[in-house]
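One letter stands for each residue in the lines below.
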Amino acid sequence: MRIGGMPNATTIEVSEKRRPAEIAWRGGVRGVLFADHHFLFEPDGRGGTLVTSLETWSGALAPFTRLFIQPMAARIGGQQLEALARAVEHLP
């Protein structure tokens, strides 16, 4: 995966699959900067689904994520949720 035009691609792994409640991925360089991302799915009470996107970072560079990476991660997370919504619209 290449994130936000970063020069180096990183490998991510699916770390959780709990249908229909959650899917999660994680990746990065442990000890340097490692991300753990969860999408949580729950009924919204109106026949739809509420999706919550959560991401945490660990490693030596994690304290800098708020300044530099979090805005980019929020934009990319929004794009991921939009793509998910488009994909779901085409399901039978």
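Our structure's up above, just so we're on the same page.
Residues numbered from 1 in each chain as written. Predicted model: local features only at pLDDT ≥ 70, side-chain atom pairs only at ≥ 80, totals over all residues. Heavy atoms only, no water.

Novice: Mind showing me how you'd approach the pairing of strand β3 (residues 33–43) here?
Specialist: Every other side chain in a regular strand lies on the same face of the sheet, so the side chains alternate between the two faces. Pairing of strand β2 (residues 22–29) with β3 involves eight bridges; the strand directions are antiparallel. Bridge pairing in β3 links G28 to F34. Linking two consecutive strands that pair antiparallel, namely β2 and β3, is a turn of three residues; a positive phi of about 85° is found at G31 within it. Summarising the sheet, β3 and strand β4 (residues 49–58) pair through 10 bridges and their orientation is antiparallel. By the bridge assignment, L40 is partnered in β4 with T52. A loop of five residues connects β3 with β4, the two strands running antiparallel in sequence, and G45 in this loop sits at a positive phi of about 85°. (Pairing = 2+ DSSP bridges. Helix = DSSP H or I, 4+ residues; strand = E, 2+ residues; numbered from the N terminus.)

Novice: Got a minute to help me understand the sheet that holds β4 in this structure?
Specialist: Across a sheet, strands are paired by hydrogen bonds formed along the backbone, either parallel or antiparallel in direction. Taken in spatial order, the four strands line up as β1-β2-β3-β4 in an open sheet, and their pairing is antiparallel. Two strands in the sheet have a free side with no partner beyond their single neighbour: β1 (12–18) and β4. Taken pair by pair, the neighbouring strands of this sheet meet at an average axis angle of 15°, ignoring direction. Its contacts with the sheet put helix α1 (residues 65–89) on β3 and β4, and the angle it makes with β4 is roughly 150°. (Axes fitted to C-alpha atoms, helices over the stretch in contact; angles between N-to-C directions. Contact = heavy atoms within 4.5 Å.)

Novice: Any chance you could explain a nonpolar patch on the surface here in plain terms?
Specialist: Together, V29, V32, L61, F64, L67 and F68 give the surface a local cluster of nonpolar side chains, amounting to about 610 Å² of exposed area. Assignment of secondary structure puts L67 in helix α1. On the accessibility criterion, L67 (64% relative accessible area) is exposed. (Patch = residues over 30% accessible without salt bridge, like charges linked within 9 Å, V, L, I, M, F, W, Y side chains within 5 Å. Areas by Shrake-Rupley, 256 points an atom, 1.4 Å probe, with all protein chains shown as cover. Salt bridge = Lys/Arg side-chain N within 4 Å of Asp/Glu carboxyl O. Buried < 20%, exposed > 50% of the residue type's maximum accessible area, 1.4 Å probe, protein only.)

So, to be careful, I would describe these as geometric facts and stop short of saying anything about function.
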